[in-house]
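Remarks on the overall topology
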Amino acid sequence: MRKILLIGIGAGNPDYITIQAIKALNQADVVFLLDKGEDKRDLSDFRRSICERHIENRYYRVVEVESPKRDTSKTYLQGVHSWHREKSDIFTSLIANELAEDEVGAFLVWGDPSLYDSTLRIIDRILADSALSFEYQVIPGITSIQALAAEHKISLNPIGEPVQITTGRMLRENRPVPNSDNTVVMLDDGSGLSSIAEQDAEIFWGAYLGTPDQLLISGNLKNQAANILKARAEARARKGWIMDTYILRQPPKA
Ligand SMILES: C[S@@+](CC[C@H](N)C(=O)[O-])C[C@H]1O[C@@H](n2cnc3c(N)ncnc32)[C@H](O)[C@@H]1O
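For the structure given in this document, a descriptive report is provided here. Please read these numbers as outputs of a predicted model, since none were measured by experiment.

Calculation notes
- Residues numbered from 1 in each chain as written.
- Predicted model: local features only at pLDDT ≥ 70, side-chain atom pairs only at ≥ 80, totals over all residues.
- Heavy atoms only, no water.
- Helix = DSSP H or I, 4+ residues; strand = E, 2+ residues; numbered from the N terminus.
- Buried < 20%, exposed > 50% of the residue type's maximum accessible area, 1.4 Å probe, protein only.
- Polar contact = N/O pair within 3.5 Å; in protein donor to acceptor, adjacent residues only side chain to side chain.
- Arc of directions from axis to C-beta.
- Near = heavy atom within 4 Å.
- Nonpolar A, V, L, I, M, F, W, Y, C, P; charged D, E, K, R; others polar.
- Contact = heavy atoms within 4.5 Å.
- Pairing = 2+ DSSP bridges.
- Axes fitted to C-alpha atoms, helices over the stretch in contact; angles between N-to-C directions.
- Core = buried A, V, L, I, M, F, W, Y, C linked by side-chain atoms within 4.5 Å.

A word on the environment of aspartate 15. Checked against the element boundaries, aspartate 15 lands in the loop between strand S1 (2-8) and helix H1 (19-25). Of the residues examined, aspartate 15 reaches a relative accessible area of 55% and is grouped as exposed. Each C-alpha atom of the pair aspartate 15 and glycine 210 lies 8.8 Å from the other, and the pair is 195 residues apart in sequence. At 2.8 Å, the side chain of aspartate 15 and the side chain of arginine 53 are in polar contact.

Dropping the structure here:
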């Protein structure tokens, strides 16, 4: 039976790769890569270099296909659903046409597959909706959240407190989960941060974590929001893309 491995490769530093991920890579007959365009060429190069560095004494094929883009003219959820449908059609034909019945295929997932990533949902959808059958395994990876906490040398949670993980869009739409003084924000195009720039909080921000381009800023939100927005706009213009994450923490109560 075909086997699919969803391998978390960590969120930026090639050394984030785990021994379990290396062992999984060395089982792969085919590595599937999604090309996200010229701007993000360094992200597919990163995945290729992980294979070259860690797959030893084994012949494997790399199959790269163009990644579909999310349609931003639809509502957010409609756009995401049709984007997932497109991806699921692509993955179905990759598995059906590029992987023999007894072979192992690997998808290299940025960070960890459980965190704001659609690969798991797409694999489940293929198993439910298509005639294909295969087994699959998930190999966890170091997330951008762990990288951020490590680089700022902070714990995610103050003693005994909860942590919420949300997106820039939710923040902008003023929908934070109640009762959380500790919030991790991902997938922000800057508008989430702009919308809360005047609030009283501490911020721990990081971009391109784990890479040579890493940027870190921390401090009082009111003092740092403008610096962060400027740094992210400049970095994005320079590199063509940006990935940044931040932790917001309420000042300790008296
Ligand atoms: C589609 S999600 C993928 C998250 C990933 N699965 C993980 O485990 O971190 C992309 C978002 O993750 C965050 N992210 C991923 N890699 C990052 C990095 N190296 N530095 C800062 N943020 C990163 C950013 O918030 C980005 O918008």
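After presenting the structure, the write-up continues.
Those residues of helix H4 (residues 119-129) that sit buried are Thr119, Ile122, Ile123 and Ile126. One side of H4 carries all its buried residues, which in axial view fall inside an arc of 100°. Along H4, exposed side chains directed more than 90 degrees from the buried face belong to Arg121, Ala128 and Asp129.

For the rest of this paragraph, the subject is the site of the ligand. Around the ligand there are 16 residues in total, and Ala11, Trp110, Ser144, Asp244 and Thr245 lie nearest to it. Separating a nitrogen atom of the ligand from a backbone N or O atom of leucine 209 is a distance of 2.9 Å. One of the backbone nitrogen or oxygen atoms of methionine 243 is found 3.5 Å away from a nitrogen atom of the ligand. Grouping the amino acids of the shell around the ligand by side-chain chemistry returns nine nonpolar, five polar and two charged.

Here we take up the side chain of aspartate 244. With respect to the helices and strands, aspartate 244 occurs in strand S10 (residues 244-249). In this structure aspartate 244 comes out as buried when scored by relative accessible area, which is 7%. Within the structure, the side chain of aspartate 244 is placed 2.9 Å from the side chain of tryptophan 205, a separation counted as a polar contact. Polar contacts involving the side chain of aspartate 244 include one to the side chain of arginine 232, which spans 2.8 Å. If sequence neighbours within four positions are ignored, aspartate 244 has contacts with Val185, Leu187, Asp188, Trp205, Gly206, Ala207 and Arg232.

Moving on, we get to the sheet that holds strand S3 (residues 61-66). The parallel open sheet is built from five strands, whose spatial order is S3-S2-S4-S1-S5. One side of each edge strand has no neighbouring strand; the edge strands of this open sheet are S3 and strand S5 (134-139). Strand-to-strand twist in this sheet, taken as the mean axis angle between neighbours without regard to direction, amounts to 25°. Note: S1 against S5, six bridges, orientation parallel. Considered in S5, the bridge of arginine 2 is made with phenylalanine 134. Strands in contact with helix H3 (residues 76-98) are S1, strand S2 (30-35), S3, strand S4 (104-109) and S5; relative to S3, the strand with the most contacts, it is inclined by about 150°. Those strands touched by H4 are S1, S4 and S5, and its axis lies near 165° from that of S5.

Turning our eyes to something else, we now look at the nonpolar core. Among the nonpolar cores identified, the biggest contains 21 residues, and Leu193, Ile203, Trp205, Leu221, Tyr246 and Leu248 are the most heavily contacted of them. Taken together, the elements giving at least two residues each to this core come down to strand S8 (202-207), helix H8 (221-239) and S10. With five residues, H8 is the largest single contributor of residues to this core. Beyond its immediate stretch of four places on either side in the chain, tryptophan 205 contacts Leu148, His152, Leu215, Leu216, Ile217, Ile228, Ala231, Arg232, Asp244, Thr245 and Tyr246. Core analysis: the next-biggest nonpolar cluster, separate from the first, contains 19 residues, Cys51, Ile55, Leu108 and Ile139 among them.

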